[in-house]
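Chain residues, written in single-letter form:
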Amino acid sequence: MDEVKQIVKDINDGNIKPIYLLTGEEPYYIDRISEFIEQNVLAEEERGFNQMVLYGKDVTVEDIIGNAKRFPMMAERQVVIVKEAQHLARTIDKLSSYAENPQPSTVLVLCYKYSKFDKRKKVYKTIKKTGLVFESKKLYENKVADWIRKVLQGKGYRITPKASSLLVEFLGTDLSKINNELEKLKLVLPKEKEITPLDIEENIGISKDYNNFELKKAIGERNVVKATRILNYFAQNPKDNPFVVTVTLLNTFFTQLLKYHGMKDHNPKSVASVLGINPYFVNEYQVAARNYPMKKVSSIVSSLRELDLKGKGVGSTNVSQADLLKELLVKII
């Protein structure tokens, strides 16, 4: 995020590169940077003649070079944005000669998404010298909640750890999808408001009571009544609560619990660091560790892996989600 802020600052300060290669597995920041360039490098009245958006699947490298070598009309610069540039992977090295001596009055933006650019290619090395290369890396799941907090903080909002974890559980690590939901929240909630699980439930439609997050907590506490109630809800709403997601989350939880048992230092800061969790949730692991000895945790992890295979149809057929959920609870508690 700091690198993105620096790119934006440089553009605002007039330090604009002739070529931007925006690449990586996480499309969110690639889209944000290209959109910023599209909306801010040229004045609105200059864009009609001097701004062009091309698509990698529809053009050749020669087409891109031809457009990049044009001179701007009644403006200091022209902007050429190539979206879906990953479709040009086989021929993009042909851009090397242009990248060695780019047109000073052209800002060429290459959006190479969903994969890593081959750093061995000559064009990559050349653009690093004459332009700017930005790599947008996928965030690990345990980093996304902190990303949500920072994004909202920058907009004048706060969010509880439980609420941010709820968003990650249901939306995964797709930053664009998460950002869309955050935009919805910002439309209906006042600034300085601390966003809670109730706000998530009322405005996004994610249940604050019947979700994998609450199931994990209930199982950790050995609260059979609450866990059964949640699992019954999952059985009645299988499309919204896929078994594979539930078993994967619980497997992660008990694998982390196994790691907790193996730690000598159970100081909350150390636990949060080693397990890669928010310190707010350390208490859940402390409670679960008292309820599940190390030997039992090992057995549970083994059972969860078997259930994961069974849920995917390996070694069993026509097993309902309701039956799988019952077996899961029995084998754990």
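Presented here is a report on the structure given in the accompanying data block. Being a predicted model, the structure only gives us computed values, none of them experimental.

### Considering the overall build of the protein
Argument step 1. Secondary structure assignment for the protein yields 17 helices and 7 strands.
Argument step 2. C-alpha atoms of the protein, sized along the principal axes, occupy 70 × 50 × 40 Å.
Argument step 3. In the protein, which comprises 333 residues, the share counted as buried stands at 46%.
Argument step 4. Counting only contacts in the protein whose residues sit at least 6 apart along the sequence, the fraction spanning at least 24 positions is 75%.
Argument step 5. Only carbon and sulfur atoms are counted for the fraction: they give 50% of the accessible area of the protein, which is about 17,400 Å².
Argument step 6. Mean positive and mean negative side-chain charge positions of the protein (52 and 42 charges, respectively) differ by 6 Å.

### Here's the deal with unusual backbone geometry
Argument step 1. Phi angles above zero are rare outside glycine, and E84 is one such case at about 55 degrees.
Argument step 2. One can find E84 in the loop between β3 (78-83) and α5 (96-100).
Argument step 3. Look at E84 and you get partly exposed, because its relative accessible area is 22%.
Argument step 4. Despite not being glycine, E192 has its phi angle at roughly 70 degrees, a positive value.
Argument step 5. On the secondary structure map, E192 appears in the loop between α9 (175-188) and β7 (194-195).

### Quick look at the sheet that holds strand β4 (residues 106-113)
Argument step 1. Strands sit in the order β2-β3-β4-β1-β5 across an open sheet of 5 strands; the sheet is parallel. Looking at strand neighbours, the two that pair on one side only are β2 (51-55) and β5 (132-135), the edges of this open sheet. Direction aside, the axes of adjacent strands within the sheet are offset by 15 degrees on average.
Argument step 2. Two strands pair when backbone bridges link them, and strand β1 (residues 19-24) and β5 are joined in this way by 4 bridges, in the parallel orientation. Pairing of L22 across the sheet is with F134, part of β5.
Argument step 3. Contacts from helix α2 (residues 27-40) reach β1, β2, β3, β4 and β5 within the one sheet, and its direction differs from that of β4 by about 160 degrees.
Argument step 4. Of the strands in this sheet, β2, β3 and β4 touch helix α4 (residues 61-68), which is tilted by about 165 degrees from β3.

Criteria and cut-off values
- Residues numbered from 1 in each chain as written.
- Predicted model: local features only at pLDDT ≥ 70, side-chain atom pairs only at ≥ 80, totals over all residues.
- Heavy atoms only, no water.
- Helix = DSSP H or I, 4+ residues; strand = E, 2+ residues; numbered from the N terminus.
- Buried < 20%, exposed > 50% of the residue type's maximum accessible area, 1.4 Å probe, protein only.
- Contact = heavy atoms within 4.5 Å.
- Areas by Shrake-Rupley, 256 points an atom, 1.4 Å probe, with all protein chains shown as cover.
- Lys, Arg positive; Asp, Glu negative; His and termini not counted.
- Charge placed at Lys NZ, Arg CZ, Asp CG, Glu CD.
- Pairing = 2+ DSSP bridges.
- Axes fitted to C-alpha atoms, helices over the stretch in contact; angles between N-to-C directions.

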